[in-house]
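# Breakdown of the fold
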Amino acid sequence: MSAELDILLVEYQALREDDRGTSGSQSALASVFVALLAGLFAILVGDCRFRGTAMTAAKTAGSCYDLPEPVYVAAPALPFAVLCYIIMLGTQVTIKSFYMRAIENELRRHHIELRAIPGILAGSATELVLAITSPRRGRRSYFVMLLVLTLSFAVALGGWVVFVALSLSVPAMIAMFALYGPLLALLLQQGILTNTGGRKLLHGAAEHLRNSRDYPLTPLAPEAGRIRRPGERSLLSYLVLPRPLDTVKWTFIPIAYAVGAVTAGQGPGGSGLAAAAVGWLVFEYLIYQGRYQWNDIRGLADDQNHPARRERGRLPVTRRGPLHSVALSTIVIVTRAVLAVVIAVTVVPAPVSAVVLVSFVGVWVPAWLYEFLRAGTSRPGSRAAAIWLVVGAGYAVRAAAGLALAGVVPHGRTVGTFFLFGAAAWAFGIVFVTMTWVLEATGHCGQAADGTLEKPAGLVAKPHLERLLPFTPFPSRPVPNADGSAASLRALAGKTAVVTPWNAGLVVATVCGIAACAHGGQLLLAVVGGLSAGFVVLTPSVPARWVVAAVTVAALGLTAASVGDGRGTAGATAVAGLFFAVYCFFRQSAYQDLRDALKKAGAAVASLKNGAAKAATWLVMRLIGRRTWALVTGSTPPAE
């Protein structure tokens with residue numbers, strides 16, 4: 001018992017010393033924050049733009065200055081950083097105070113009463129302080145003062161940001177609101193949680209610690225499971241380009257642009273081809289890659305156990321653990337979003353800016369709906385069907401963005417082309433995603449001797465995948481675990497169910513795509529396109545399906561040429577050919593084929609990266625000279 005008491009006393013003393021140091025740091029930082037805040041208001045006094053009606057006279061007299069707008073945009077960063085650190089320290093103090101109370105509970109078990117304070121046991125210091133300062137059970141006057149202090153800091157800093165932002169240009173105003181608005185909301189939320197939700201913070205930290213794999217004997221070396229495995233990508237490469245293998249989808253906007261420019265006879269809407277290219281890159285690299293990052297954060301646990309985890313290359317978990325990866329990825333998501341808005345408002349002309357901003361909403365609203373449906377637990381069948389429908393929205397947004405960049409807008413004489421091609425892209429997205437998912441679902445399964453698919457419990461928990469298996473010709477049954485032996489099964493190669501998401505999507509995509517591209521005879525061509533898609537769907541073997549696809553595309557081209565002009569013929573034929581080729585490819589594939597394709601694509605990306613590195617090395621060596629190269633690198637320069 002004496003040894004236990006000594007341990008408690010030593011730890012309690014250390015915590016008290018640490019608490020005194022932290023309190024001193026918080027007080028000093030609060031003084032620094034007040035000084036910085038005063039400095040922010042001081043610079044407003046001498047700036048001409050805040051002089052109101054006296055601005056012109058003050059400028060003439062030279063009694064004021066005119067600071068550049070970037071100075072005002074960046075000025076609040078330092079006070080915000082100090083405030084962040086104050087709240088971080090406050091969170092630590094809150095958790096430590098609860099931990100100290102736990103130690104005091106143990107000390108009070110020894111029932112040593114303080115003679116100077118009758119009825120109070122030794123080990124009650126924290127409880128005595130909290131009897132006054134606790135927001136929940138302390139004095140209301142103290143809580144009111146704490147609330148006034150917190151809100152004063154927030155109102156003063158937030159008010160400065162709002163006042164200055166409204167006095168600057170529109171791009172600077174948007175940048176300030178985009179940067180500091182979410183940050184101020186986060187600080188308020190965390191500050192309120194620290195002051196009123198300490199018990200929740202403690203329980204969360206304790207639960208995380210209890211679930212730690214090595215607790216209570218946590219090693220000082222990194223956990224083996226958190227070290228990047230050979231062949232896996234680094235976190236830096238992920239943050240630079242989260243989904244390199246999905247860059248094939250970057251072609252959708254140029255395809256839609258070509259449809260708008262060729263079949264509808266439109267140009268780039270007066271904004272110029274260069275501005276349209278900038279808008280395309282902002283959409284794909286900043287907006288959509290950020291959306292992919294959020295999807296990877298939400299699915300991090302599932303991705304770690306995915307059979308094709310290495311090939312898929314989703315958010316990697318580093319030595320510092322998943323929290324580090326998620327935090328950095330979240331920062332990059334916000335950065336991408338802010339950059340997209342700033343570039344849309346400040347760099348590109350108004351038509352392209354409108355396309356980018358509307359597309360931003362068009363990407364993130366379906367993304368929220370998709371994640372909401374995927375996280376649900378009730379009505380798995382209805383949720384699965386809803387998810388299959390929602391996944392095509394991203395393709396429709398891409399198509400709409402490409403058409404709008406080419407000047408095809410949802411009003412006037414181009415309204416039909418806009419909505420028909422958008423519907424075609426939506427339906428094609430359903431085809432692309434659901435066919436990928438049904439093959440992925442088989443990749444999770446084993447296959448019994450009688451051909452039955454054995455679906456593991458992890459797959460059953462994903463109804464948007466598991467509910468696609470009944471559309472294959474193979475029966476299935478749930479099992480606790482599966483060996484993934486069905487990954488090599490070409491589940492869609494032969495005769496399958498007729499009414500499936502991908503079959504219905506192909507027919508709709510073909511009809512709408514041809515009608516959008518055709519010039520004259522749209523109804524006839526749409527009927528021919530629908531019949532052609534039906535023939536492709538109903539063909540039961542792989543070679544025959546390719547032949548039927550080629551013949552029907554040729555027949556469609558001849559029909560389009562007889563009733564329309566060359567532009568419409570080219571557009572209708574190309575759209576049908578693209579849709580049929582993708583469909584036939586998936587019908588002949590197994591999940592293992594997709595995994596091998598991912599491996600080859602990854603190897604190609606790595607080869608391209610190595611080639612670029614060698615070319616850069618050669619160029620630098622030529623610029624600085626071979627002998628300087630050898631001196632700088634400490635190695636022999638590459639041979640000529």
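Description of the structure in this document. (Residues numbered from 1 in each chain as written. Predicted model: local features only at pLDDT ≥ 70, side-chain atom pairs only at ≥ 80, totals over all residues. Heavy atoms only, no water.)

Moving on, we come to the overall build of the protein. Of the regular secondary structure elements, the protein holds 26 helices and three strands. The buried share of the protein, taken over its 640 residues, is 41%. For the protein, contacts bridging at least 24 residues in sequence account for 71% of all contacts bridging at least 6. (Helix = DSSP H or I, 4+ residues; strand = E, 2+ residues; numbered from the N terminus. Buried < 20%, exposed > 50% of the residue type's maximum accessible area, 1.4 Å probe, protein only. Contact = heavy atoms within 4.5 Å.)

On to the pattern of salt bridges. In total, this model carries eight salt bridges according to the counting rule given. The closest approach of N and O atoms between R243 and D296, which form a salt bridge, is 2.7 Å. One end of the pair, R243, is in the loop between helix 9 (235-240) and helix 10 (252-263); the other, D296, is in helix 11 (residues 273-298), with 53 residues separating them in the sequence. Comparing R243 with D296 shows no difference in burial state: the two are buried. Taking the shortest distance from any N to any O, the salt bridge between R467 and E466 comes out at 3.4 Å. Using a relative accessible area of 35% as the deciding quantity, one classes R467 as partly exposed. By relative accessible area, E466 is classed as buried at 11%. Put simply, R291, R298, E371 and R374 are held in one network by salt bridges that share partners. (Salt bridge = Lys/Arg side-chain N within 4 Å of Asp/Glu carboxyl O.)

This next bit is on the nonpolar core. F421, W437, W502, L506, F579, F580 and Y583 are the most contacted members of the largest nonpolar core, which totals 68 residues. Top contributing element to this core by residue count: helix 18 (residues 415-444), with 14 residues. For W437, the contacting residues outside a window of four places in its chain are Y370, I387, W388, V391, H464, L465 and L468. (Core = buried A, V, L, I, M, F, W, Y, C linked by side-chain atoms within 4.5 Å.)

Over its 22 residues, helix 23 (residues 542-563) runs 32 Å from end to end, which matches the ideal 32 Å to within 8%, given 1.5 Å per residue. When we look at burial in helix 23, the residues that qualify are R545, A549, T552, V553, L556, G557, T559 and A560. One face of helix 23 carries all of its buried residues, which in axial projection span an arc of 165°. Turned more than 90 degrees off the buried face of helix 23, the exposed positions are P543, V547, V551, L558 and S562. (Expected span 1.5 Å × (residues − 1). Arc of directions from axis to C-beta.)

Bringing the packing of aromatic side chains into the picture now. Both the distance between ring centres and the angle between the ring planes are used here to describe each pair of aromatic rings. Scanning the model with the defined rule gives 17 aromatic pairs in all. Residues W294 and W368 carry aromatic rings whose centres are separated by 4.6 Å and whose planes lie at 50° to one another, so their mutual orientation is tilted. With W294 in helix 11 and W368 in helix 15 (residues 350-375), the pair connects residues that are 74 residues apart, well separated along the chain. Note on W368: relative accessible area 55%, which makes it exposed. An aromatic cluster of three or more residues is present, and its members are F252, Y395, F428, F432, F579, F585 and F586. Positioned over the ring face of Y285 is R336, at 4.7 Å from the centre of the ring. The ring centre of Y288 lies 3.9 Å from the NZ or CZ of R398, which sits over that ring. (Phe/Tyr/Trp six-rings, centres within 6.5 Å; stacked < 30°, edge-to-face > 60°. Lys NZ or Arg CZ within 6 Å of the ring centre and 35° of its normal.)

Ordered in space as 1-2-3, the three strands form an open sheet in which the pairing is mixed. Of all strands in the sheet, those with a lone pairing partner are strand 1 (446-447) and strand 3 (476-478), marking the two edges. (Pairing = 2+ DSSP bridges.)

In this structure, L373 sits in helix 15. When neighbours within four sequence positions are excluded, L373 is seen to be in contact with R383, A386, I387 and V390.

What follows concerns the side chain of T496. Locating T496 in the fold gives a position in the loop between strand 3 and helix 21 (501-517). If we skip the residues at most four places from it in the chain, T496 touches F471, P473, A491 and R587.

Together, L523, V527, L531 and F535 make up a nonpolar patch on the protein surface, roughly 440 Å² of accessible area in all. Looking at where F535 falls in the secondary structure, it is placed in helix 22 (residues 522-538). (Patch = residues over 30% accessible without salt bridge, like charges linked within 9 Å, V, L, I, M, F, W, Y side chains within 5 Å. Areas by Shrake-Rupley, 256 points an atom, 1.4 Å probe, with all protein chains shown as cover.)

What follows is about the packing of helix 16 (residues 380-390) against helix 18. Two numbers describe how helix 16 lies on helix 18: the axes approach to 8 Å, and their chain directions differ by 125°. One way to sum up the angle between helix 16 and helix 18 is to call them oblique. Residues I387, W388 and L389 of helix 16 form the contact with helix 18, whose own contacting residues are W426, I430, T434 and W437. Within the contact of helix 16 with helix 18, the residues separate by chemical class into six nonpolar, one polar and no charged. (Axes fitted to C-alpha atoms, helices over the stretch in contact; angles between N-to-C directions. Parallel < 35°, antiparallel > 145°, perpendicular 65-115°, else oblique. Nonpolar A, V, L, I, M, F, W, Y, C, P; charged D, E, K, R; others polar.)

This paragraph deals with the packing of helix 14 (residues 322-346) against helix 15. Running from amino to carboxyl end, helix 14 crosses helix 15 at an angle of 150°, the nearest separation of the two axes being 8 Å. Looking at the two axes, helix 14 sits roughly antiparallel to helix 15. Judged by the sense of rotation from one axis to the other, the crossing of helix 14 with helix 15 is left-handed. Contact residues: I333, A337, A340, V341, A344 and V345 in helix 14; S353, V356, L357, F360 and W364 in helix 15. (Left-handed = near helix turned anticlockwise from the far one by under 90°.)

This next bit is on the environment of V528. For V528, the position within the fold is in helix 22. Through-space distance from the C-alpha of V528 to that of A555 is 8.7 Å; in sequence the pair is 27 residues apart. Every residue in contact with V528, bar those within four places of it in the chain, is listed here: L556 and T559.

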